[in-house]
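Okay, here's what each chain looks like letter by letter:
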Amino acid sequence: MSFVQSADELAGKAAFVTGAGSGIGRAIAQRLADRGVRVVVADIDERSVREVAAELTGRGVEAVPVALDVADLAAWRAAAAVAAEAFGRVDILCNNAGVGPARATLDQLSDADLDLVLNVNVRGVLNGIRTFVPAMKVDGFPAQIVNTASILSHFALAGAGDYVLSKYAALAVSETLRAELAGTAVSVAVLCPGLVDTGLHKNTSALRGAAPTQEPTVTLDKPTPGMAPEHVGDVVVDAIVTGRFYVFPHPEYAEILSLRTGEIQSAITASQTVGDRDDTGYLGRSVLDLQTSL
Ligand SMILES: NC(=O)c1ccc[n+]([C@@H]2O[C@H](COP(=O)([O-])OP(=O)(O)OC[C@H]3O[C@@H](n4cnc5c(N)ncnc54)[C@H](O)[C@@H]3O)[C@@H](O)[C@H]2O)c1
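The chain appears in an unreviewed UniProt entry as SDR family NAD(P)-dependent oxidoreductase from Pseudonocardia xishanensis. The annotation that UniProt attaches to the chain under Sequence similarities (unreviewed entry) is "Belongs to the short-chain dehydrogenases/reductases (SDR) family."

Asks: What am I meant to see in the side chain of N147 here?
Replies: Here N147 lies in strand β5 (residues 143-148). The exposure class assigned to N147 is buried, which follows from its relative accessible area of 0%.

Asks: Hey, could you run me through the packing of aromatic side chains in this one?
Replies: Aromatic rings considered in pairs are described by the distance between their centres and by the relative angle of their planes. One pass over the structure, following the stated rule, counts 6 aromatic pairs. An angle of 55° between the planes, with centres 5.2 Å apart, marks the rings of F16 and F132 as tilted. Here the residue F16 occupies a position in strand β1 (residues 14-18), and F132 occupies one in helix α4 (residues 111-139), the gap between them amounting to 116 residues. Ring centres of Y246 and F248 lie 6.5 Å apart, and the angle between their planes is 20°; this geometry places the pair in the stacked category. Accessibility expressed as a relative area gives 32% for F248, which makes it partly exposed. Members of the aromatic cluster, connected to one another through ring pairs, are F16, W76 and F132.

Asks: Would you mind going over the environment of N147 with me for this structure?
Replies: Separated by 129 residues in sequence, N147 and T18 place their C-alpha atoms 9.9 Å apart. Reaching out from N147, the side chain makes a polar contact with the side chain of N95 at a distance of 3.0 Å.

Asks: What is the right way to read the pattern of salt bridges from this model?
Replies: Oppositely charged side chains can pair when the atoms bearing their charge come close. Applying the stated criterion across every chain, the model contains 10 salt bridges. Among the ionic pairs, E51 bridges to R47, the shortest N-O distance being 4.0 Å. Of this pair, E51 and R47 both sit in helix α2 (residues 46-58), 4 residues apart, which is roughly one turn of the helix. Two residues, D91 and R89, come together in a salt bridge whose shortest N-O distance is 2.8 Å. Classification of R89 by relative accessible area gives partly exposed; the value is 38%. Several salt bridges converge on common partners, so that one network encompasses R26, R31, D34, E55, R59 and D234.

So, how was this worked out
- Residues numbered from 1 in each chain as written.
- Predicted model: local features only at pLDDT ≥ 70, side-chain atom pairs only at ≥ 80, totals over all residues.
- Heavy atoms only, no water.
- UniProt positions renumbered as here; feature names shortened; annotations may be inferred.
- Helix = DSSP H or I, 4+ residues; strand = E, 2+ residues; numbered from the N terminus.
- Buried < 20%, exposed > 50% of the residue type's maximum accessible area, 1.4 Å probe, protein only.
- Phe/Tyr/Trp six-rings, centres within 6.5 Å; stacked < 30°, edge-to-face > 60°.
- Polar contact = N/O pair within 3.5 Å; in protein donor to acceptor, adjacent residues only side chain to side chain.
- Salt bridge = Lys/Arg side-chain N within 4 Å of Asp/Glu carboxyl O.

As structure tokens, this is what we get:
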């Protein structure tokens, strides 16, 4: 079931978008605002949230800036109170704030690098869920959650293991949440972009500046500047309207994904059954239930 039946129904809804001071989050906030959605613009960078909120307000949309460190659950509670005061309730939660990789091989990762990426990219998403989902479930109104993961939630990249780990986790959280919310009025989507032209690496370096870590040991040269964030914002709005769970703005990755799933498929096909036991109906029941309800 989709959160809305058409894009027109988005008008008047209220969204809470993290990492909305820049890049993809800002574009999601803009595209939602274009559809008449009121937006809480949340980011750790206080100046940027004020700028984005002012820009949206200038376009005639209600927008409220909130300074929020998504890793801090107490700060989430305070931000939710601001959202409640402004809009009554939040219909759309976009857990988008994130940091990039430390650019080190797994054996070279520092504790500080690991803490940053896991606290923001994983704990940040969980904190958003813990803050807003209980009310969404109890009140029973149609709601939508969009978690920003990555194409690197589906395959690894050498030298970006910290980021890959966090983004696989964001996908795992999203798939679990979808299973847990099946049968409720809360829809879930997981955004999995390839390269997008944003300030991710610059902003992450600035955040690391407060807690200096080692120099990068791996070079991750980008061959292209990446997709325009505005296009990703369009794709997110379209996914919300169509009720899609997996959201892939970069269709060119289909072949890479099928290489990995093909290897997994042939490995499991080659494995031997032991006895007549079968626990797929137990561990696999979320997937089986979803397939029957699609
Ligand atoms: N740019 C890409 O190529 C790409 C690809 C796939 C996924 N992503 C993901 O998209 C999301 C948005 O990144 P982006 O590319 O727009 O980068 P960005 O740096 O332009 O935006 C990320 C925003 O998150 C904010 N942020 C960082 N830590 C925060 C914290 N603790 N609390 C609140 N806000 C915080 C930053 O201040 C920044 O405004 C991230 O989750 C990122 O991992 C990006």
